[in-house]
Amino acid sequence: MAQEEDIACIESIAKIVSDLNLESVDYNKDGLHIIVTNRAKEIVTAVPAAAPVPAPLPAAPMPTAPAEAPAPTAATAPKGDVVKSPMVGVLYLSASPNDPEYVKVGDTVREGDVLCLIEAMKTFNQIKAPKGGIIREILVASGSAVEFDEPLFVIE
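Cut-offs used in this document
- Position numbers for residues count from 1 along each chain, tracking the sequence in the order it is written.
- pLDDT decides what is reported in this predicted model: residues at 70 or higher carry local features, side-chain atom pairs at 80 or more are listed and counted, and totals for whole chains, interfaces and linings draw on all residues regardless.
- To obtain the side-chain values, all non-hydrogen atoms of the structure were used and water was disregarded.
- Put simply, a salt bridge is a Lys or Arg side-chain nitrogen that is within 4 Å of an Asp or Glu carboxyl oxygen.
- Numbered from the N terminus, helices here are DSSP runs of H or I no shorter than four residues, and strands are runs of E no shorter than two.
- Buried, partly exposed and exposed residues are distinguished by accessible area as a fraction of the type maximum, computed with a 1.4 Å probe on protein chains only: under 20%, between the cut-offs, and over 50%, respectively.
- Note: two strands are recorded as paired if DSSP finds a minimum of 2 bridges between them.

Scanning the entire structure with this criterion turns up two salt bridges. Here Lys-131 makes a salt bridge to Asp-81, at a shortest N to O gap of 3.0 Å. Taken together, the residues Lys-131 in the loop between strand 8 (123-128) and strand 9 (133-138) and Asp-81 in strand 4 (residues 81-84) connect sequence positions 50 residues apart. Overall, Lys-131 belongs to the partly exposed group, its relative accessible area being 28%. Relative accessible area serves as the criterion here: at 39%, Asp-81 is assigned to the partly exposed category.

Structure, rendered in structure tokens:
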């Protein structure tokens with residue numbers, strides 16, 4: 001039974017590493033020491049040093065990363081100021097699935113208006129407009145994982 005719980009724990013940690021695109025997680029509790037490292041499409045795990053090491057677990061599949069978009073040129077660069085993500089997490093355009101989105105393309109916002117939420121470590125963080133203007137583009141979908149410094153909105 002304990003081994004099944006250990007496997008479930010490893011799978012949960014591997015999912016967190018994958019979902020949040022973390023470099024690694026080091027977990028240590030009740031004699032169970034797990035290190036999950038995110039390396040180019042594989043997850044490496046280590047289990048209790050005090051106990052005999054069981055056969056290696058299969059690596060959890062990693063999602064294929066989308067191809068990098070080419071750097072914006074003068075012709076494709078967005079007009080206006082780009083609001084970038086201040087953290088890694090999951091972006092939500094509304095407070096809940098039944099609520100309206102905070103902003104839509106074409107909306108006028110004032111400095112300090114809430115644009116979206118980013119969930120990081122079970123905490124919802126409001127991302128506010130750094131300046132007033134019109135929302136020209138929303139560059140991410142609600143529910144998608146975002147990286148630090150990733151462009152989110154264009155305000156003109």
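Another point: the sheet that holds strand 11 (residues 151-155). A sheet is described by the order of its strands in space; here four strands give the open sequence 4-11-9-6, paired in antiparallel fashion. Lying at the two open borders of the sheet, with one neighbouring strand each, are strand 4 and strand 6 (108-109). In this sheet, strand 11 lies alongside strand 9 in antiparallel orientation, the contact comprising three bridges. Its bridge partner being in strand 11, Glu-137 is matched across the sheet by Val-154.

Right, let's talk about the environment of Ile-13 for a bit. The residue Ile-13 is located in helix 1 (residues 2-19) in this model. Overall, the relative accessible area of 8% leaves Ile-13 in the buried class. Along the primary structure Ile-13 and Ile-35 are separated by 22 residues, whereas in three dimensions their C-alpha atoms are 8.9 Å apart.

At Met-121, a residue that is not glycine, the phi angle is positive and equals roughly 55 degrees. On the secondary structure map, Met-121 appears in the loop between strand 7 (114-120) and strand 8. Despite not being glycine, Lys-122 has its phi angle at roughly 65 degrees, a positive value. By the secondary structure assignment, Lys-122 is in the loop between strand 7 and strand 8.

Taken together, the six bridges between strand 7 and strand 8 define a ladder with antiparallel strand orientation. Of the residues in strand 8, the one forming a bridge with Glu-119 is Phe-124. As consecutive antiparallel partners, strand 7 and strand 8 are separated by two residues, and within that stretch Met-121 has a phi angle of approximately 55 degrees, a positive value.

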